[in-house]
Amino acid sequence: MNPISRRDFVKAAGISASVVFLPASLRAQSAAGRVVVIGGGFGGGTTAKYLRLWSPGVQVSLVEPNATYHSCVMSNLYYPGSIPLDFLETPYDGLVRRGVDLVRDSVVAVDTGSHIVTLRGGRQLPYDKLVVAPGIDFVFPPGLEDPAAQARVPHAWKAIVEQAPRLRSMLRAMPDGGTFVLTVPPLPYRCPPGPYERTCMVASYLRRSKPRSRVIVLDANPDIVAKRDIFHHAFEVTHRGYVEYHPNAPVTSVDADTLTVSTPIGSFR
Ligand SMILES: Cc1cc2nc3c(=O)[nH]c(=O)nc-3n(C[C@H](O)[C@H](O)[C@H](O)COP(=O)(O)OP(=O)(O)OC[C@H]3O[C@@H](n4cnc5c(N)ncnc54)[C@H](O)[C@@H]3O)c2cc1C
């Protein structure tokens, strides 16, 4: 028997692994077929990549309005200045090199009967299979229905490239002695540890740069919902005096002019 090199073995194992694990529907399509993926975030980008890897015969079109992707993951490090914004940026070149057809546009309609998506620019894309991965949208509380009001209270929970610099500028412009109010929605929401991580990052910035300021956390939930012990320790020990944590404090309304948040336990500004 001929000896087999490690490289040949890994190559052979990789090929057979993809064949074994490929869903039957994709294997059947590998000679042809067209998949349209809506949204080039973690979900859509990963799906597009593995469709091309596992089934190179399938034509994959990824519809995404932005030229590059800015990750929410790690974005909380941006607020104290630990990373620059471009640390969060990933271009789509890798997907294009794998044969993904990148379509810079937004989907405005899907006709599931005739299998056609319509883009904002007017173009129509036919599909055999459709992947819908446009991320999240918000349920804004009373007082934030108007886009002008929303613009005064940046969430930085998506659209990072536009939202995060705005939030950081507000933090930088805040006077020493000011308050940074952060609200946590009831579960389920995107990234349960995220608000508590952001609290710590903002608190670490305040300790260093505005030591008379503090973070007020208004949590709609009865307690911290992720890594409870770690964040209680962070709020009560590490950042003691800089974080004021309130459970059972769902937002009932926001006044974007006075930057005041109302809850059943009181109003916070
Ligand atoms: C502060 C923060 C920290 C986080 N930290 C972590 C972490 O450490 N680990 C972790 O696993 N997760 C983390 N997450 C969660 C993670 O970011 C999300 O789970 C992930 O981004 C979801 O990916 P997605 O592809 O579903 O959506 P998104 O990443 O939001 O991507 C959606 C894409 O769809 C596009 N799109 C929207 N509408 C349309 C349309 N009509 N047509 C075409 N394209 C459209 C958008 O432009 C966007 O590029 C964090 C989230 C936040 C907010």
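Structure's up top.
Residues numbered from 1 in each chain as written. Predicted model: local features only at pLDDT ≥ 70, side-chain atom pairs only at ≥ 80, totals over all residues. Heavy atoms only, no water.

Draft legend 1. Molecular detail of the site of the ligand. In the neighbourhood of the ligand, 23 residues make up the surrounding shell, with Gly-43, Glu-64, Tyr-69, Val-107 and Arg-190 lying closest. At 2.8 Å, a backbone N or O of Gly-43 approaches an oxygen atom of the ligand. Here the ligand loses 73% of its free accessible area of 1,000 Å² to cover by the protein chains. There are two domains that each give the shell around the ligand at least three residues, and those are domain 1 (6-132) and domain 2 (147-268). (Near = heavy atom within 4 Å. Polar contact = N/O pair within 3.5 Å; in protein donor to acceptor, adjacent residues only side chain to side chain. Areas by Shrake-Rupley, 256 points an atom, 1.4 Å probe, with all protein chains shown as cover. Domains from an automatic or database assignment.)

Draft legend 2. Layout of the sheet that holds strand S7 (residues 116-119). Strands sit in the order S6-S7-S8 across an open sheet of 3 strands; the sheet is antiparallel. This sheet does not close on itself; its edge strands, each paired only once, are strand S6 (107-111) and strand S8 (124-126). Averaged over all neighbouring strand pairs, the angle between strand axes comes to 20°, with direction disregarded. Judged from the 3 bridges that link them, S7 and S8 form a sheet pairing that is antiparallel. Its bridge partner being in S8, Val-117 is matched across the sheet by Leu-125. (Pairing = 2+ DSSP bridges. Helix = DSSP H or I, 4+ residues; strand = E, 2+ residues; numbered from the N terminus. Axes fitted to C-alpha atoms, helices over the stretch in contact; angles between N-to-C directions.)

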